[in-house]
Amino acid sequence: MGSGTSTRHHSAFQNAERTFKAAALIQRWYRRYVARLEMRRRCTWSIFQSIEYAGQQDQVKLHDFFSYLMDHFIPSSHNQREFLTHMFTEDRFAQDSEMEKCSDYESIEVPDSYTGPRLSFPLLPDHATALIEAFRLKQQLHARYVLNLLYETKKHLVQLPNINRVSTCYSEEITVCNGLPSPERSYVFNGDFVDRGKDSVEILMILFAFMLVYPKEFHLNRGNHEDHMVNLRYGFTKEVMNKYKIHGKEILRTLQDVFCWLPLATLIDEKVLILHGGVSDITDLELLDKIERNKIVSTMRCKTRRKKEKQMEEKGKANRKSSAQEPIPWFLPQSRSLPSSPLRLSSYKAHKTNRSSSIPCGGCLDGRELSRQVRSSVELELERCRQQAGLLVTGQKEEASRSASEADSEAGELQKPTQEEWRQVVDILWSDPMAQEGCKANTIRGGGCYFGPDVTQQLLQKYNLRFLIRSHECKPEGYEFCHNRKVLTIFSASNYYEVGSNRGAYVKLGPALTPHIVQYQANKVTNTLTMRQRISRVEESALRALREKLFAHSSDLLSEFKKHDADKVGLITLSDWAAAVESALHLGLPWRMLRSQLVNSSADNMLEYKSWLKNLAKEQLSHENIQSSLLETLYRNRSNLETIFRIIDSDHSGFISLDEFRQTWKLLSSHMNIDITDDCICDLARSIDFNKDGHIDINEFLEAFRLVEKSCLEGDTSECPQATNAKDSGCNSPGAC
Amino acid sequence: MIHKDKERIIVAEFHKKIKEAFEVFDHESNNTVDVREIGTIIRSLGCCPTEGELHDLIAEVEEEEPTGYIRFEKFLPVMTEILLERRYRPIPEDVLLRAFEVLDSAKRGFLTKDELIKYMTEEGEPFSQEEMEEMLSAAIDPESNSIHYKDYITMMVIDEN
């Protein structure tokens, strides 16, 4: 009857159906797999960003603290005064006379054995390309040529205006960021040339060399990292000192000069404004054009002229908005400190202020309550000092001492910028765009502000501009448009956090000024890895950093965990774990998503938190005798400590005296929220001074710390200075000191 | 009573999870995400819907007049329900293996690259070119130019955990 055919058809149909279903199933499964990868990628990104921003906040917090101390702390002894001045004198690198500069590099001999590039001035294109070649071959430019180059660079920069004007009719194409220039191709490099990666020196040399060879085509903008204070923390200072052991100091000193002469912005065809950070609702391009930009040595610490001075100024000064009352530093009881999470801007309950606070020194901020200990200890210390100084009315003495020091500083020295001028520059270099309208303090960075699309629109209209190009923020794709495509963020360093973490990009502009973006990823390896492998690598790195951070907050975590364990069973739910971790770390990360990577699966969703913390510690360092809270604090503040040591060690000799170390630690103890006796500090200092000569080598200190970690992991107790000392001094248990 | 309490706790936990996942994609911090990310969010919460099911879900959480954005307020209740009902459960390893075996009618233990491409781009809910390339990069053994699906599945599953 045809049943054979219909059976065939039937089974054919069944086969087709089965095939279809099978394929659909595989696709469904695969798509879920990809989605999970994507989520992991985003979480990894969040980890890096929040840790980086938390680090930036730390930096600024620390500076605020010291700045405040500088302004208000009345040293009770000559030594203390000496110490503080020595620590905080921004003008450490005093303005040398031109003559001295000449002899600086001319007197440096270059040995015949030196095989690196030799520069002569004026620089020719060949020199510049030779430099690139030499660096590619991992050669190092001799200090003499470095200094010579910097000197010539400064000479060039000084003649440039604050806002560099470039025209496309002169060059046919302008690239914001990479490649080799020529008359038809102009380049604008938008700041942050240093502090990431280990070849910052070489990059600077290349940039400066090309700028000298092609002055009309090569333009540099200052970024927030072109700043010696920031460099102290982020590694550039270290890089210079490592590469140039004898002349490093001079190089840094010269660089400080060069950096502050970098133009603040570049304007293309009067239509496209390129600057490093962003703008604020008070950004005044006319003012910026007129200020003496080299007065802004560092955007970290503002030594501005006092109100009194301002009143005494000549009338010619630019229209200044009267600066509101001095901002209240974050660590004082009257202030409201930083918000908890860098990523949750919307939950940041902003005071509805129209004040576009862009001053890094705290001010009207909202958020979590500050540790009482910090507040009270700072206040106590100040009180004690005041009493010791025998003051009846603090105000008078402060005023008197200040105007005295001002009189000194006025005499023949560089005029300091006004608060307004400084704020304008900080805004340009530190601000970030945000989606919401308005303008509010950039509490994440601690400097500049967040500016909304209305602020952008206002600025563009006011100065008849078409759009803004800025950098300052890392973007996964290397670039990002926002504010209705009126703001373009360009980030050229691919693999910024880790190999494979992001792409880099640069933008080209032709006469029509339409942006054309080019992306890349600078690593052969990443091209051969699958997406899965790339994400895994970056993720591992992020998780490592995160675990480190968790360990550094062990005590906080323990107390948070205990809050969820009222019955003291030693167990908490995984949900409580997530809540506790967020309360302790304030990173705003999706902890529930990250949980499987941070917590081993536990029975019935309960976690034995003490052993979890113990395991964390084991990963980082595993010796029981170590005063873990002290080390934990050291660990948490490791990068801060390094920065501070480098500040103290102003001659970059690599040594600080035991006394300086103790003084520093005392100053820091309230900031770091630990209780530590003088004895413990002495012991710590002595144990670190391995050769007992009364000096601590900074590098060795940090090395010793790493050695302690390492040797403890290897179980070798004799190497643990802490352990030995613990037995000797009797400080065996954490908190006993 | 106890049952109700337990459910409330579970729901509360779901809410937190959903919020977390949502916030990862809420770039403007205004409780909305691009509609194109909804699939990723739902899948990372443990669900494994088909494209068709996803499409229907989106229709449920979209605005009356689609804006291209999904609001959290609309997303939360729908997603909570999905989690409570344990809808769109993930596919167990053995089921996945059988699916590959169906495609491998000759029972060789592998599929050639071309076969995989054909099935994935012509059958079921076809892959885009990007999806296909990405799958090939990890799945295909360059020497034999084929995918040994049993090993592939094992590798992918380990990776998940």
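Conventions we followed
- Residues numbered from 1 in each chain as written.
- Chains lettered and ligands numbered in written order.
- Predicted model: local features only at pLDDT ≥ 70, side-chain atom pairs only at ≥ 80, totals over all residues.
- Heavy atoms only, no water.
- UniProt positions renumbered as here; feature names shortened; annotations may be inferred.
- Helix = DSSP H or I, 4+ residues; strand = E, 2+ residues; numbered from the N terminus.
- Buried < 20%, exposed > 50% of the residue type's maximum accessible area, 1.4 Å probe, protein only.
- Contact = heavy atoms within 4.5 Å.
- Areas by Shrake-Rupley, 256 points an atom, 1.4 Å probe, with all protein chains shown as cover.
- Disulfide = S-S within 2.5 Å.
- pLDDT = per-residue confidence, 0-100.
- Pairing = 2+ DSSP bridges.
- Phe/Tyr/Trp six-rings, centres within 6.5 Å; stacked < 30°, edge-to-face > 60°.
- Lys NZ or Arg CZ within 6 Å of the ring centre and 35° of its normal.
- Expected span 1.5 Å × (residues − 1).
- Buried area = accessible area lost by both parts, 1.4 Å probe.
- Salt bridge = Lys/Arg side-chain N within 4 Å of Asp/Glu carboxyl O.
- Polar contact = N/O pair within 3.5 Å; in protein donor to acceptor, adjacent residues only side chain to side chain.
- Nonpolar A, V, L, I, M, F, W, Y, C, P; charged D, E, K, R; others polar.

An unreviewed UniProt entry lists chain B under the name EF-hand domain-containing protein, with Colobus angolensis palliatus given as the organism.

The name given to chain A in an unreviewed UniProt entry is Serine/threonine-protein phosphatase with EF-hands, with the source organism recorded as Mandrillus leucophaeus. In the Sequence similarities (unreviewed entry) part of its UniProt record, chain A is described as follows: "Belongs to the PPP phosphatase family." The heading Cofactor (unreviewed entry) in the UniProt record of chain A holds the text "Mn(2+)".

Once that is clear, we can look at the overall build of chain A. Across its full length, chain A carries 27 helices and 18 strands. Across the 737 residues in chain A, those meeting the buried criterion constitute 57%. Within chain A, residue pairs in contact and separated by at least 24 positions form 74% of the contacts whose partners lie at least 6 positions apart. Just so you have it, chain A exposes about 33,000 Å², and 50% of that area is on carbon and sulfur atoms.

Turning our eyes to something else, we now look at the state of the cysteines. Scanning all chains against the criterion turns up zero disulfides over all chains. Free of any disulfide, Cys-439 of chain A has its nearest neighbouring cysteine sulfur in Cys-449 of chain A, separated by 3.3 Å. Residue classification places Cys-439 of chain A among the buried positions, given a relative accessible area of 10%. Not part of a disulfide, Cys-47 of chain B finds its nearest cysteine sulfur in Cys-48 of chain B, a span of 8.7 Å. Relative accessible area serves as the criterion here: at 1%, Cys-47 of chain B is assigned to the buried category.

Residues and elements named next belong to chain A. Per-residue pLDDT for chain A averages 68, and the proportion of residues at 70 or more is 57%. Taken element by element, the predicted model of chain A shows its lowest mean pLDDT in helix H27 (residues 721-729) (32) and its highest in helix H15 (residues 453-462) (94). Overall, residues 69-76 carries pLDDT values under 50, and its contacts beyond four positions in sequence, including any with other chains, amount to 24 contacts. Ignoring residues within four places in sequence, the model shows residues 622-628, a span with pLDDT below 50, making 18 contacts including any to other chains.

As a further point, take the sheet that holds strand E8 (residues 439-441) of chain A. Note: strands within a sheet are paired through backbone hydrogen bonds, in either parallel or antiparallel orientation. Residues and elements named next belong to chain A. The strand order E7-E9-E8 describes an open sheet built from three strands, whose pairing is mixed. With partners counted over all chains shown, the strands left at the sheet margins are strand E7 (432-433) and E8, one partner each. Sheet topology places E7 next to strand E9 (residues 449-451); two bridges connect them, and they run parallel. Bridged to Pro-433 within E9 is Phe-451.

The final tally for this structure, using the stated rule, is 20 aromatic pairs over all chains. With centroids separated by 6.3 Å and ring planes inclined at 80°, the aromatic side chains of Tyr-479 of chain A and Phe-481 of chain A adopt a geometry described as edge-to-face. Taken together, Trp-29, Tyr-30 and Tyr-33 of chain A together with Phe-127 and Tyr-152 of chain B form an aromatic cluster joined through their ring pairs. Between the NZ or CZ atom of Arg-108 of chain B and the centre of the ring of Phe-110 of chain B, over which it lies, the distance is 4.9 Å. Lys-118 of chain B extends its terminal NZ or CZ atom over the ring of Tyr-119 of chain B, reaching a point 5.0 Å from the ring centre.

This paragraph deals with the pairing of strand E6 (residues 272-275) of chain A. Consecutive side chains of a regular strand alternate in pointing toward one face of the sheet and then the other. All names here are of chain A. Neither face of E6 is left uncovered, since the one carrying Val-272 and Ile-274 and the one carrying Leu-273 and Leu-275 both have all their residues buried. Bridge analysis of strand E5 (residues 265-268) against E6 gives four bridges, and the strand direction is antiparallel. When the bridges of E6 are listed, Leu-267 appears paired with Leu-273. Hairpin geometry of E5 and E6 is characterised by an intervening segment of three residues between the two adjacent antiparallel strands and by a positive phi of about 50° at Asp-269. Sheet topology places E6 next to strand E10 (residues 467-470); three bridges connect them, and they run parallel.

Turning our eyes to something else, we now look at the UniProt feature "domain: EF-hand" (unreviewed entry) in chain B. Mapped onto this structure's residue numbering, the UniProt feature "domain: EF-hand" (unreviewed entry) falls at residues 13-48 and 91-126 of chain B. The span residues 91-126 of chain B carries 58% helix and 6% strand; its end-to-end C-alpha distance comes to 18 Å.

What follows is about the side chain of His-247 of chain A. Here His-247 of chain A lies in the loop between helix H8 (236-243) and helix H9 (248-261). Those residues in contact with His-247 of chain A, other than ones at most four positions away along the chain, are Ile-108 and Ala-143 of chain A.

Let us now look at H9 of chain A. All names here are of chain A. Compared with an ideal rise of 1.5 Å per residue, which puts 14 residues at 20 Å, H9 spans 20 Å between its outermost C-alpha atoms and is within 8% of the ideal. Within H9, 12 of the 14 residues are buried, which leaves the element mostly enclosed by the surrounding structure. Those residues of H9 lying buried are Gly-248, Glu-250, Ile-251, Leu-252, Thr-254, Leu-255, Gln-256, Asp-257, Val-258, Phe-259, Cys-260 and Trp-261.

What follows is about the confidence of the model for chain B. Mean pLDDT over chain B: 90, with 96% of residues reaching 70 or higher. Here the prediction assigns the complex a pTM of 0.59, and the interface score ipTM is 0.94.

With 39 residues of chain A in contact, the opposing surface of chain B contributes 48 residues. Summing both sides of the interface, chain A and chain B together bury roughly 4,300 Å²; the carbon and sulfur share of this comes to 62%. Sorting the residues of chain A by area buried against chain B places Arg-28, Trp-29 and Arg-31 of chain A first, and these three jointly supply 18% of that buried surface. The interface formed by chain A and chain B contains five salt bridges. Where Glu-20 of chain B meets Arg-592 of chain A, a salt bridge forms, and the shortest distance between an N and an O atom there is 3.3 Å. Where chain A packs against chain B, one counts 17 residue pairs in polar contact (both at pLDDT 80 or more). Every element with two or more residues in the side of chain A that touches chain B is listed here: helix H1 (3-72), helix H17 (531-552) and helix H20 (591-598) of chain A. At 22 residues, the largest contribution of residues to the side of chain A that touches chain B is made by H1 of chain A. Here the side of chain A that touches chain B is composed, by residue class, of 20 nonpolar, seven polar and 12 charged.

To continue, consider the side chain of Asn-221 of chain A. All names here are of chain A. Assignment of secondary structure puts Asn-221 in the loop between strand E4 (218-220) and helix H7 (228-234). Asn-221 sits in the buried class, given a relative accessible area of 0%. A polar contact is formed between the side chain of Asn-221 and the side chain of Thr-266, at a distance of 2.7 Å. Sequence-distant contacts of Asn-221, defined by excluding residues within four places in its chain, comprise Val-188, Phe-189, Asn-190, Gly-191, Phe-193, Glu-226, Pro-263, Leu-264, Ala-265, Thr-266, Ile-274 and Leu-275.

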